[in-house]
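Structural overview
One-letter residues, chain by chain:
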Amino acid sequence: MKKDKLKPMLFSNLKTYNGKKLATDVVAGIIVAIIALPLSIALALASGVGPEQGIYTAIIAGFIISFLGGSRVQIAGPTAAFATIVAGIVAKSGMSGLALATIMAGIFLILMGFLRLGSLIRFIPYTITTGFTAGIAVTILIGQIKDFMGLTYPLGTKTIETMEKVEAIGKNISTVNWQAVIVGVVCLAVLIVWPFITEKIPGSLIAVIVGILMVKLLNMDVNTIGNLYTISNKLPSFNAPDISFEAVKAVIPDAFTIAILAAIESLLSCVVADGMINSHHRSNMELIAQGAGNIGSALFGGIPATGAIARTAANIKNGGRSPIAGMTHSIVLVLVLVLLMPYAALIPMPTIAAILFVVAYNMCQWRTFVHLCKTAPKSDILVLVVTFILTVVFDLVIAIEVGMLMAVVLFMKRMSDESVVSGWKYYDPDEDPDGPELKVVPKHVRVYEISGPMFFGDADRLANVSFKDFTKVLVIRMRGVPALDATAMHAMEQLHERCEKNGIQLVFSHVNEQPYRTMERSGFIEKVGKENFRPHIDDALEWAAKLEN
């Protein structure tokens, strides 16, 4: 297998770069910036921070991740996956706590890259990623109902957790603002219908324009971003968070969550992009870039960032084929921030909610969810549904922890069920001369065959190995055992001790490489005798026949 280089893809692409490719990348970068503008603002607001902080993230993290990244076409910035996590951290620890958690997450990601852990992401089951992605989509949808319907909450209403938001919606549903609903429905209709008209201009931009015109021209009583937030068009400035041992200790769980989610999302986006352009990303370099990008984002007032599948796909569809496109997208957003940011104050909140409804729908993968529920094994469906419910009811951290624990336990149960320790049955050819041709086993020899991996989940099966009073040799056939762990090795040693007490000699047939190494390291082969390890069952039976006396 080819070793994953720790070299940014940009440097590899520049070797064959030319003016024509530059022009195509610049055009793609400009189009992606137009798409990223309303999304970055919407996702920042969903994350409980100011609208400009979403732009800061797309500028700083987007540029760094494209410059250092292991993908040719990855576009990074704020994503829906982080919205509920970030909102919770901001509510609990403030912007300083979020910045510190993001920096720590960046450090974790860089370490993961240098330790070449990029390939380990594949060990996170598909049912878990599908479950928590669908759960995040539901939490985003629930979080935007207030603005979509123009609800008014009493001062002091707590709406950090998703279930608190559901309760607040239920209690205050009578405060619905029908003008807000009309703006939201019209903008949602634009978002749904517009892609059928043209994909050259993003529907989110058209929805923003329609929403602003409705509120201004019809003089509608609807909250806008300017009513709720202070808008700034200042360039991002350096702002280091307060660092102390206690502060670092407090944010480590949040930092770990951000790092794992950023790794999963970015590498999934890379895989999707690889399929679209027939390329191969450098996963470990991508993790390092994600780490650097998140540290940069936090130091300049941004929020956590990762690879954005929708923006990456838009980049590819519009001709982007090198990291220059992603860097251009960030530079264009700098100009947008300075020149157009004050106009963001005019965007109605129901329009932002409508944009996030579509984001939630696109990320929920409901068809995949339903397909898995219909076709997957029951244990996988259980992991999927539990991860989904825990993400919605509690949070992503608990969902991933419980989901992984369940997946591991159920996998071990499945492997244990596949492992079999069975004894050969004696066959008398005189009683059934037309029977199958079987191995001739001397009367004093007992044969057991083990199939499947031997680990702590099923090591106790060896305790069921039995022998007769006249048994002198016990042959263990292990051709179907690919692996043996320490617990199973201990069970083997106990079996050997039982055999010694009963004057029975152990003989092993066809021990595979990993079990043999484990036995060798533990001194078991020396105890049993190297000569009692035979390469084939015929050889083992022939040897056992000689050991009668």
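Residues numbered from 1 in each chain as written. Predicted model: local features only at pLDDT ≥ 70, side-chain atom pairs only at ≥ 80, totals over all residues. Heavy atoms only, no water.

A look at the overall build of the protein chain
Looking only at helices and strands, the protein chain features 21 helices and seven strands. For 549 residues, the compact-globule estimate of 2.2 N^0.38 gives 24 Å, and the C-alpha radius of gyration of the protein chain, at 31 Å, exceeds that figure by more than 25%. Its C-alpha atoms give the protein chain principal-axis dimensions of roughly 105 × 60 × 55 Å. Across the 549 residues that make up the protein chain, the buried fraction comes to 52%. Restricting the contact set of the protein chain to residue pairs at least 6 apart, pairs at least 24 apart contribute 83%. Of the roughly 26200 Å² that the protein chain leaves accessible, carbon and sulfur atoms contribute 63%. Across the protein chain, 45 positive and 42 negative side-chain charges occur, with their mean positions spaced 9 Å apart. (Helix = DSSP H or I, 4+ residues; strand = E, 2+ residues; numbered from the N terminus. Rg over C-alpha atoms; globule rule 2.2 N^0.38 Å. Buried < 20%, exposed > 50% of the residue type's maximum accessible area, 1.4 Å probe, protein only. Contact = heavy atoms within 4.5 Å. Areas by Shrake-Rupley, 256 points an atom, 1.4 Å probe, with all protein chains shown as cover. Lys, Arg positive; Asp, Glu negative; His and termini not counted. Charge placed at Lys NZ, Arg CZ, Asp CG, Glu CD.)

Comments concerning the pattern of salt bridges
For the structure on display, the rule yields six salt bridges. Here Lys171 ties to Glu167 by a salt bridge, and the two come within 3.0 Å at their closest N and O atoms. With Lys171 and Glu167 both in helix α6 (residues 162-171) and four residues apart, this pair spans about one turn of that helix. We classify Glu167 as partly exposed; its relative accessible area is 45%. Here Arg534 makes a salt bridge to Asp539, at a shortest N to O gap of 3.3 Å. Through salt bridges with shared partners, one network takes in Glu449, Arg477 and Arg479. (Salt bridge = Lys/Arg side-chain N within 4 Å of Asp/Glu carboxyl O.)

A short note on the sheet that holds strand β5 (residues 473-480)
Taking strand neighbours across the sheet as the criterion, the five strands line up as β3-β4-β5-β6-β7 in an open arrangement whose pairing is mixed. Every interior strand has two partners, whereas the edge strands, β3 (420-423) and β7 (533-534), have only one. Sheet topology note: the β5/strand β6 (residues 505-509) ladder contains five bridges and is parallel. In the sheet register, Ile476 faces β6, and the bridge partner there is Phe508. (Pairing = 2+ DSSP bridges.)

Observations regarding the packing of aromatic side chains
Within a pair of aromatic rings, the relevant descriptors are the distance that separates the centres and the angle that separates the planes. The tally for this structure, following the rule as stated, stands at eight aromatic pairs. When the centroid spacing of 4.8 Å and the interplanar angle of 45° are considered together, the rings of Phe148 and Phe357 count as tilted. Taken as a pair, Phe148 in helix α5 (residues 126-149) and Phe357 in helix α14 (residues 349-364) lie far apart in primary sequence, 209 residues in all. For the pair shown, Phe148 and Phe357 are each scored as buried. (Phe/Tyr/Trp six-rings, centres within 6.5 Å; stacked < 30°, edge-to-face > 60°.)

A short note on the packing of helix α2 (residues 19-46) against helix α3 (residues 51-68)
For the pair α2 and α3, the least separation of the axes is 7 Å and the interaxial angle reads 120°. The pairing of α2 with α3 is recorded here as oblique in orientation. For the crossing formed where α2 meets α3, the hand is right-handed. Contacts between α2 and α3 involve Leu37, Ser40, Ile41, Ala44 and Leu45 from the former and Pro51, Gly54, Ile55 and Ala58 from the latter. Grouping the amino acids of the contact of α2 with α3 by side-chain chemistry returns seven nonpolar, two polar and no charged. (Axes fitted to C-alpha atoms, helices over the stretch in contact; angles between N-to-C directions. Parallel < 35°, antiparallel > 145°, perpendicular 65-115°, else oblique. Left-handed = near helix turned anticlockwise from the far one by under 90°. Nonpolar A, V, L, I, M, F, W, Y, C, P; charged D, E, K, R; others polar.)

Observations regarding the pairing of β5
Summarising burial for β5: six of the eight residues are buried, a large majority. Relative to β5, strand β4 (residues 445-451) runs parallel, the two being bridged by six bridges. The residue bridging Val447 from the neighbouring strand is Val475, located in β5. Crossover β5 to β6 through helix α18 (residues 486-501) is right-handed. (Right-handed = clockwise from strand over helix to strand, strands pointing away.)

Here's the deal with the environment of Thr257
Secondary-structure assignment places Thr257 in helix α10 (residues 245-277). Separated by 119 residues in the primary sequence, Thr257 and Ala376 have C-alpha atoms spaced 27 Å apart. Aside from chain neighbours lying at most four places away, what touches Thr257 is Ile85, Leu396 and Val397. Polar side-chain contacts of Thr257 include one of 2.9 Å to the backbone oxygen of Pro253. (Polar contact = N/O pair within 3.5 Å; in protein donor to acceptor, adjacent residues only side chain to side chain.)

Here's the deal with the confidence of the model for the protein chain
The share of residues in the protein chain with pLDDT of 70 or more is 96%, and the mean pLDDT across the chain is 89. Counted against residues more than four places away or in other chains, residues 431-437, with its pLDDT under 50, gives three contacts. (pLDDT = per-residue confidence, 0-100.)

Considering the layout of surface pockets
Within this model, the largest pocket holds a volume of roughly 1500 Å³. Counting only elements with at least two residues in the lining of the largest pocket, the list comes to α2, α4 (80-114), α5, α7 (178-197), α8 (203-217), α10, α12 (309-317) and α14. In the lining of the largest pocket, the residues fall into 27 nonpolar, eleven polar and five charged. By volume, the second largest pocket is sized at about 920 Å³. In terms of residue count, α5 provides more of the lining of the second largest pocket than any other element does, seven residues in total. Broken down by class, the residue content of the lining of the second largest pocket amounts to 22 nonpolar, 13 polar and four charged. (1 Å grid on protein atoms, 1.4 Å probe; cavity = no way out; pocket = protein on both sides within 12 Å on 5 of 7 lines; lining within 4 Å. Points joined across faces, edges and corners; volume = space filled by probe spheres on them.)

What to know about the side chain of Thr471
If you trace the backbone, Thr471 turns up in the loop between β4 and β5. With a relative accessible area of 2%, Thr471 lands in the buried category. At 2.9 Å, the side chain of Thr471 forms a polar contact with the backbone nitrogen of Lys468. Residues within four places of Thr471 in sequence aside, it is in contact with His444, Arg446 and Ile504.

Here we look at the nonpolar core
In terms of nonpolar packing, the biggest core is built from 101 residues, with Ile41, Ile55, Phe132, Ile140, Leu333, Ile347 and Ile352 touching the most fellow members. With 15 residues, the single largest contributor to this core is α4. Ile41 has contacts with Pro51, Ile55, Ile225, Met341, Ala344, Ile347 and Ile352, leaving out every residue within four places of it along the chain. One finds Met478, Val481, Met489 and Val528 within the second-largest nonpolar core, a separate group that totals 27 residues. (Core = buried A, V, L, I, M, F, W, Y, C linked by side-chain atoms within 4.5 Å.)

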